[in-house]
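Single-letter residue listing:
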There are 2 protein chains.
Amino acid sequence: MTRRLHVGLVQLAMAPDKATNVARACAEIGAAASRGATLICLPELFAGPYFCQTEDVANFDLAEPIPGPTFDAVAAAARAAGVTVVASLFERRAAGVYHNTSVTLGPDGALLGTYRKMHVPDDPLFLEKFYFTPGDLGFVAHATPTAVVGSLVCWDQWYPEAARLTSLRGAEVLCYPTAIGWQPYEKAEWGAAQLDAWRTVQRGHAIANGVFVAAVNRVGHEGPAGAGIDFWGHSFVADPFGVVLAEAGEGEETLVVELDLDRIEQVRRWWPFLRDRRVDAYEGLTRRLLDS
Amino acid sequence: MTRRLHVGLVQLAMAPDKATNVARACAEIGAAASRGATLICLPELFAGPYFCQTEDVANFDLAEPIPGPTFDAVAAAARAAGVTVVASLFERRAAGVYHNTSVTLGPDGALLGTYRKMHVPDDPLFLEKFYFTPGDLGFVAHATPTAVVGSLVCWDQWYPEAARLTSLRGAEVLCYPTAIGWQPYEKAEWGAAQLDAWRTVQRGHAIANGVFVAAVNRVGHEGPAGAGIDFWGHSFVADPFGVVLAEAGEGEETLVVELDLDRIEQVRRWWPFLRDRRVDAYEGLTRRLLDS
């Protein structure tokens, strides 16, 4: 039996207010579904501007419990469209414990799985360690009606360990809600290389694991003119051999891309990397450095 | 202090007889050194044709102890040129225990380090599990006069674990002696994607680890016309951001490429992936699958 699905990547710019962003994202879920998508992924923290450019305790007011209002709105959109949705939320778990969390919602709106961002960055304008407690659910994959889906989030993209562990859990498609962009002062010199590195390392995950990779970024400039972040878009899907099946530009755009899941078995038969992993010799991966 | 070196990638086609191949490789070591290279890498099993296309016990006669005649010849060439050489040898360790081994030889011809190929393939025309006992030295890096060098070998290229562990050992440059090519029947349909996947996954290692990667392949057709392997060349060097600094074509060619080792510190400061590894959550990497 041929197993195929269409994945929808919703690349959006964010408005200042949550209601607008949630409504637009839900509308795009419906639109992507009408184009045949059965698995739809939203950008990282799609409910608002990327607030991690500064450290401000007032921003914790943006967090919501799961379930909560934004979760409920996305669940209703998933149910209305009859599709699976991967949505990235700012989770209020308890007073003082907030997470950057990705939820996978089924076509009936039910929660199929939760992932809390494991690798949390802290770099100029990406001050996430202030806001997000590191994930404590490990790396997970969830069965959905059309594929086994593993969600990871943004900074996780740079970690082969994250892609590997999620794939070992059985993921067929890795979905990465993302908020990555250029800082204006560096764009001219380093922008092209940064974008290419981001795309390349994720294509590498697809190849090393024999899985599909879908990265869904936001677009638009956020912050003061000449400063802030230019979110670079370029959401893309790579097949299990790292071939880019589709890639968005730098404006709002929803990609709907067919995935042939049988390609996973085909690629892994011809390039059986998982067979030959030296699991007897990988213990050092649990160390920071091997310098002693 | 600026730390720079020139790396030499010796991309060769192999003759049927060992004496010719060893002499040509040694001559290229001298030639690359005369162009300024101080670290020179040879292709995988450069002493002969790629014998793993068939399973034949007579081929074990090709193996040599380390040190042995081929080792001695390369050591003499390294000493004569005053350079460090990474050389891939078919090692006879004991009766019935043979390895696919990479040695790092210093400018005085002394053995600086040994790596025995950890990931051993077994695919049509790459029947290495018949010949090579899996490596038992783990993943290693060796100080040389110009850089800390980690050698891995060919099939290791597909394993993020290998690149990561070698980098955690302190490697600044990952050298991959390689023998990879197309099987003629698949070249038209899959050839370009295979080459691109091979290049991409290794560029991903450079990015994920903030290290230089040098892959050194052989070229030429070996085997019957219309069958056998077309070794695809395309030896290349990537910088710590995955940028390809130089890439060879599909014929014999020696690349000499300047590496600015200070770029490692620069890239890792701006993209501090090693800082945020979740070493508390990687234990599953020592498992075959996480399916239970």
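Computed from a predicted structure; not experimentally measured.

Colleague: Break down the pairing of strand 11 (residues 219-222) of chain A for me, with residues and values.
Modeller: Residue and element names in this part refer to chain A. The pairing of strand 11 with strand 12 (residues 229-232) spans four bridges and is classified as antiparallel. Among the inter-strand pairings, E222 is bridged to a residue of strand 12, identified as I229. What sits between the antiparallel neighbours strand 11 and strand 12 is a turn of six residues, in which G223 has the positive phi angle 115°.

Colleague: Can you lay out the confidence of the model for chain A for me, pointing to particular residues and giving the numbers?
Modeller: Averaged over all residues, the pLDDT of chain A equals 97, while 100% of them reach at least 70. Across the interface, the model reports ipTM at 0.97; the global pTM reads 0.98.

Colleague: Give a description of the sheet that holds strand 1 (residues 4-11) of chain A that names residues and reports values.
Modeller: Residue and element names in this part refer to chain A. If you trace the six strands from one edge of the open sheet to the other, you get 5-4-3-2-1-15, paired in mixed fashion. Among the strands making up the open sheet, the edge pair consists of strand 5 (111-116) and strand 15 (253-260). Recorded for the sheet is a direction-independent mean angle of 30° between the axes of neighbouring strands. When strand 1 meets strand 15, the two strands line up antiparallel, connected through eight bridges. Paired with G8 across the two strands is V256, which belongs to strand 15. Packed onto the sheet, helix 2 (residues 69-81) meets strand 3 (84-94), strand 4 (97-105) and strand 5 and runs at close to 165° relative to strand 3.

Colleague: Which residues make up the packing of helix 4 (residues 160-168) of chain A against helix 4 (residues 160-168) of chain B, and what values do they have?
Modeller: It is at 10 Å that the axes of helix 4 of chain A and helix 4 of chain B come closest, and there the two elements cross at 145°. Seen from above, helix 4 of chain A lies across helix 4 of chain B with left-handed handedness. Residue-level contacts link P160, E161 and R164 of chain A of helix 4 of chain A to P160, E161 and R164 of chain B of helix 4 of chain B. In terms of residue class, the contact of helix 4 of chain A with helix 4 of chain B is built from two nonpolar, no polar and four charged.

Colleague: For the relation of the copies chain B and chain A, give the residues involved together with the corresponding values.
Modeller: For the match of chain B to chain A, the screw axis carries a shift of 0.0 Å, the RMSD comes to 0.0 Å, and the turn is 180°. Both copies of the chain, as the preceding transformation shows, are related through a two-fold rotation axis. Proximity to the rotation axis, assessed at the C-alpha, singles out G204 of chain B in chain B; its C-alpha lies 2.7 Å from the axis. The fraction of interface residues of chain B whose copies in chain A are also interface residues reaches 100%, indicating that both copies meet through the same surface.

Colleague: A description of unusual backbone geometry should follow, citing residues and the corresponding values.
Modeller: All names here are of chain A. Geometrically, the link from I66 to P67 is a cis peptide bond, its omega value of 0° lying close to zero. Relative to the assigned elements, P67 resides in the loop between strand 2 (39-41) and helix 2. In this structure, L125 is a non-glycine residue whose phi angle is positive, near 75°. You can see L125 is positioned in the loop between strand 5 and helix 3 (128-131). Residue classification places L125 among the partly exposed positions, given a relative accessible area of 21%.

Colleague: Tell me about the interface of chain B and chain A, residues and numbers included.
Modeller: On the side of chain A, 58 residues touch chain B, which itself brings 58 residues to the contact. Carbon and sulfur atoms make up 62% of the surface buried where chain B meets chain A, a total of about 5,600 Å² over both sides. In this structure, the connection of chain B to chain A is made through 10 salt bridges. Between E161 of chain B and R277 of chain A there is a salt bridge, and its shortest N-O distance comes to 2.9 Å. One can count 34 residue pairs in polar contact (both at pLDDT 80 or more) joining chain B with chain A. In terms of residue class, the side of chain B that touches chain A is made up of 32 nonpolar, eight polar and 18 charged.

Colleague: Describe the packing of helix 1 (residues 18-34) of chain B against helix 2 (residues 69-81) of chain B, with residues and values.
Modeller: Residues and elements named next belong to chain B. Two elements in contact, helix 1 and helix 2, have axes whose closest approach is 9 Å; the angle formed by their N-to-C orientations is 20°. By the angle between their axes, helix 1 is roughly parallel relative to helix 2. Every pair of crossing elements has a handedness; the one defined by helix 1 and helix 2 is right-handed. The residues of helix 2 that touch helix 1, namely those facing K18, V22, C26, I29, G30 and A33, are T70, A73, V74, A77 and A81. For the contact of helix 1 with helix 2, the per-class residue count stands at eight nonpolar, two polar and one charged.

What counts, and at which threshold
- Residues numbered from 1 in each chain as written.
- Chains lettered and ligands numbered in written order.
- Predicted model: local features only at pLDDT ≥ 70, side-chain atom pairs only at ≥ 80, totals over all residues.
- Heavy atoms only, no water.
- Pairing = 2+ DSSP bridges.
- Helix = DSSP H or I, 4+ residues; strand = E, 2+ residues; numbered from the N terminus.
- pLDDT = per-residue confidence, 0-100.
- Axes fitted to C-alpha atoms, helices over the stretch in contact; angles between N-to-C directions.
- Contact = heavy atoms within 4.5 Å.
- Left-handed = near helix turned anticlockwise from the far one by under 90°.
- Nonpolar A, V, L, I, M, F, W, Y, C, P; charged D, E, K, R; others polar.
- Least-squares fit on C-alpha atoms with pLDDT ≥ 70 in both.
- Buried < 20%, exposed > 50% of the residue type's maximum accessible area, 1.4 Å probe, protein only.
- Buried area = accessible area lost by both parts, 1.4 Å probe.
- Salt bridge = Lys/Arg side-chain N within 4 Å of Asp/Glu carboxyl O.
- Polar contact = N/O pair within 3.5 Å; in protein donor to acceptor, adjacent residues only side chain to side chain.
- Parallel < 35°, antiparallel > 145°, perpendicular 65-115°, else oblique.

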